[in-house]
Amino acid sequence: TNTDWNVIPGNSGSPLLEAVEVVSGEEGEATLFSVRARVLQLCPKEDDNKQMEWKERGQGFLKIKKHKGTNKSRLLLRSDVVLNVVLNVALDESCNIVPPDDHSNSLRLSAFSDNNKTTSYCIRIQRDASNVTYKELFQKLTRAQAGTLEVPPSNNG
């Protein structure tokens, strides 16, 4: 018997699932820019706390988001599949974005993390998915940081 399920009459016992509203935290924000990327974080080595190493945190769509009410921007990356937050950095004066040189295969930035410590990140664009260069990404990040990157006309969230 199906005592644990609501059953639709005349639907041969298929369970009736209730719609659940999902809140992502991105409500009220517009996406200014999006590109597939991989994020690494500079962390202490497990066997030697004095030395640092880059550890991969995840890959997915790296987005520059702008809040429609406050006009504050942030950099957000949710991992593929499970969509957990890998990177969530406010693009304000405390975020230091290092300009890439001509031969860079990554973009580096340092910002305050959730525990109010400065954390260094490395962003690598997935080249097969985009023609965006690191200089273009740097320009978009610095424009968002200054508040001059505008919402694309066709993008409303």
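Here's a quick rundown of the structure. For clarity, every value in this text was computed on a predicted model and none was experimentally measured. (Residues numbered from 1 in each chain as written. Predicted model: local features only at pLDDT ≥ 70, side-chain atom pairs only at ≥ 80, totals over all residues. Heavy atoms only, no water.)

## Quick look at the side chain of Arg74
Phase 1 of the analysis: By secondary structure assignment, the location of Arg74 is in strand S3 (residues 73-79).
Phase 2 of the analysis: Separated by 2.8 Å, the side chains of Arg74 and Glu29 make a polar contact.
Phase 3 of the analysis: When neighbours within four sequence positions are excluded, Arg74 is seen to be in contact with Gly25, Glu26, Glu29, Lys63, Ile64, Lys65, Asn88, Val89, Ala90 and Leu91. (Helix = DSSP H or I, 4+ residues; strand = E, 2+ residues; numbered from the N terminus. Polar contact = N/O pair within 3.5 Å; in protein donor to acceptor, adjacent residues only side chain to side chain. Contact = heavy atoms within 4.5 Å.)

## As for the pairing of S3
Phase 1 of the analysis: Among the 7 residues of S3, 6 are classified as buried, and the element is accordingly described as predominantly covered.
Phase 2 of the analysis: As defined by bridge partners, strand S2 (residues 52-67) adjoins S3 across 7 bridges and the pair is classed as antiparallel. Across the sheet, the residue bridging to Lys66 is Ser73, located in S3.
Phase 3 of the analysis: Connecting S2 to the next strand, S3, in antiparallel fashion are 5 residues, including Asn71 with a positive phi near 60°.
Phase 4 of the analysis: As paired strands, S3 and strand S4 (residues 85-90) are joined by 5 bridges and run antiparallel to one another. Along S4, the bridge assignment pairs Leu77 with Leu87.
Phase 5 of the analysis: Joining the antiparallel neighbours S3 and S4 is a turn of 5 residues, in which Val81 adopts a positive phi near 70°. (Buried < 20%, exposed > 50% of the residue type's maximum accessible area, 1.4 Å probe, protein only. Pairing = 2+ DSSP bridges.)

## Details of the pattern of salt bridges
Phase 1 of the analysis: Applying the stated rule across the entire model yields 7 salt bridges.
Phase 2 of the analysis: Arg74 is paired through a salt bridge with Glu29; the nearest N and O atoms lie 2.8 Å apart. Pair noted here: Arg74 is in strand S3 and Glu29 is in strand S1 (residues 29-44), with a separation of 45 residues, a long-range link. The pair Arg74 / Glu29 is uniform in exposure class, with both members buried.
Phase 3 of the analysis: Taking the shortest distance from any N to any O, the salt bridge between Arg36 and Asp80 comes out at 2.9 Å. Of this pair, Arg36 sits in strand S1 while Asp80 is found in the loop between S3 and S4, placing the two residues 44 residues apart along the sequence.
Phase 4 of the analysis: Take Arg36: its relative accessible area is 19%, and that puts it in the buried class. (Salt bridge = Lys/Arg side-chain N within 4 Å of Asp/Glu carboxyl O.)

## Details of the sheet that holds strand S6 (residues 107-112)
Phase 1 of the analysis: Pairing within the open sheet is antiparallel, and its 7 strands lie in the order S4-S3-S2-S1-S7-S6-S5. Every other strand in the sheet has two partners, leaving S4 and strand S5 (96-98) as the edge strands with one partner each. Within the sheet, the average angular offset between the axes of one strand and its neighbour, ignoring direction, is 30°.
Phase 2 of the analysis: Of the pairings in the sheet, the one linking S1 to strand S7 (residues 118-125) comprises 5 bridges and is antiparallel in character. Residue Gln41 lies in a different strand from S7, and its bridge partner there is Tyr121. (Axes fitted to C-alpha atoms, helices over the stretch in contact; angles between N-to-C directions.)

## Observations regarding helix H1 (residues 134-146)
Phase 1 of the analysis: Helix length check: H1, at 13 residues, gives a terminal C-alpha distance of 18 Å against a target of 18 Å (1.5 Å per residue), a fit within 8%.
Phase 2 of the analysis: Buried within H1 are the following residues: Tyr134, Leu137, Phe138, Leu141 and Ala144. All buried residues of H1 project into a common sector of 130° when viewed along the axis, lining one side.
Phase 3 of the analysis: Taken together, the buried residues of H1 touch S1, S2, S3, S5, S6 and S7. (Expected span 1.5 Å × (residues − 1). Arc of directions from axis to C-beta.)

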